[in-house]
Amino acid sequence: MSMVMDYIIALTNLYGLVHRDKVVEIYNMQNDENIEAADVDDKANNHVDELDQNFVEFYGGYFVHEAIMEFDEFEQELAKRRNKPFYIPNQKELLKYKDDLYFERTKEYHALKKYVQQHFFDGDAYQAEELCAEIHDVCELGFSLDNVFQAFERQGIVFEGEKQVQEVMQLVMDLSNNVRLWENNGFTPHELHSRTEQPMLKPLPDEPYHMMDKSGMTRKTTTATNQDGKTVVNKKIGRNDPCPCGSGKKYKKCCGA
């Protein structure tokens, strides 16, 4: 893969959508050999299969992640980004985004992972990483507290009480405000708030989030109806597993979004 293609794919994964001129601008900022828009167009038109393998489409001069195109949300997503600055990491960090699954693990991410590893997984770092990566996806793709706590439910986690629910919620909100978002051109809500003084941060709810189970705290059970009409408890679907809808996409970029 050429360096230009590396930039196209990495920037699409970082921003969700990016115009060819921005690709040229960032590439020329970070490389001695400059390119022009025609060079980028040439790569896009002659490497369609490579773009497709990396979930990237070329549309109206923009490189767009297929998760946006599939749900016909190009115009809406473009509007969200209007007049917002671009987060531009250094080249080493930027090229990590060639991997569609890469995300920056911030101190807020590590704080949440440390907590769940200690309190819910008896020190198991792998299980803690799986859960926190799923919660990160929720924060990145469309935050809601219900979706966050459903991630805990799928792991069979039972909270000890309201105090622990509020502790977890604070850690999750801290993470959510420090996740790089497509709609912010790669900036986190916290960073964009600091730059623009606009109310980008997600606040804690005014009312405590209640979850109860039969031993004291309530939890929802995620169920579905199978082909025989029987109600069954859904098994956990991994964030990188094929989506059960049959689309062939990763769950996190399809129904999981």
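Thresholds, definitions, all that
Residues numbered from 1 in each chain as written. Predicted model: local features only at pLDDT ≥ 70, side-chain atom pairs only at ≥ 80, totals over all residues. Heavy atoms only, no water. Buried < 20%, exposed > 50% of the residue type's maximum accessible area, 1.4 Å probe, protein only. Helix = DSSP H or I, 4+ residues; strand = E, 2+ residues; numbered from the N terminus. Pairing = 2+ DSSP bridges. Axes fitted to C-alpha atoms, helices over the stretch in contact; angles between N-to-C directions. Contact = heavy atoms within 4.5 Å. Parallel < 35°, antiparallel > 145°, perpendicular 65-115°, else oblique. Left-handed = near helix turned anticlockwise from the far one by under 90°. Nonpolar A, V, L, I, M, F, W, Y, C, P; charged D, E, K, R; others polar.

What about the pairing of strand E3 (residues 62-65)?
Burial along E3 is two-sided: Tyr 62 and Val 64 and Phe 63 and His 65, pointing in opposite directions, are all buried. The pairing of strand E1 (residues 17-19) with E3 spans 3 bridges and is classified as antiparallel. By the bridge assignment for E3, Leu 17 is matched with Val 64. As judged from the 4 bridges shared by strand E2 (residues 56-59) and E3, these two strands associate in the antiparallel manner.

Here's the deal with the sheet that holds E1
One open sheet holds the 3 strands; their spatial order is E1-E3-E2, and the pairing between them is antiparallel. A strand with exactly one partner marks an edge of an open sheet, and here the two such strands are E1 and E2. Averaged over all pairs of adjacent strands, the angle between strand axes in this sheet comes to 20 degrees, irrespective of strand direction. In this fold helix H2 (residues 20-30) packs onto E1, E2 and E3, with an angle of close to 80 degrees to the strand it touches most, E1.

Focus on the packing of helix H8 (residues 107-119) against helix H9 (residues 125-141)
Angle between the axes and distance between the axes: these two values describe a pair of packed helices. Interaxial distance between H8 and H9 falls to 9 Å at its minimum, and their mutual angle equals 130 degrees. One finds that H8 runs oblique with respect to H9. The handedness of the crossing between H8 and H9 comes out as right-handed. Together, Tyr 109, Leu 112, Lys 113, Val 116 and Gln 117 of H8 and Ala 125, Ala 128, Glu 129, Leu 131, Cys 132, Ala 133, Ile 135 and His 136 of H9 make up the contact between the two elements. Here the contact of H8 with H9 is composed, by residue class, of 9 nonpolar, 2 polar and 2 charged.

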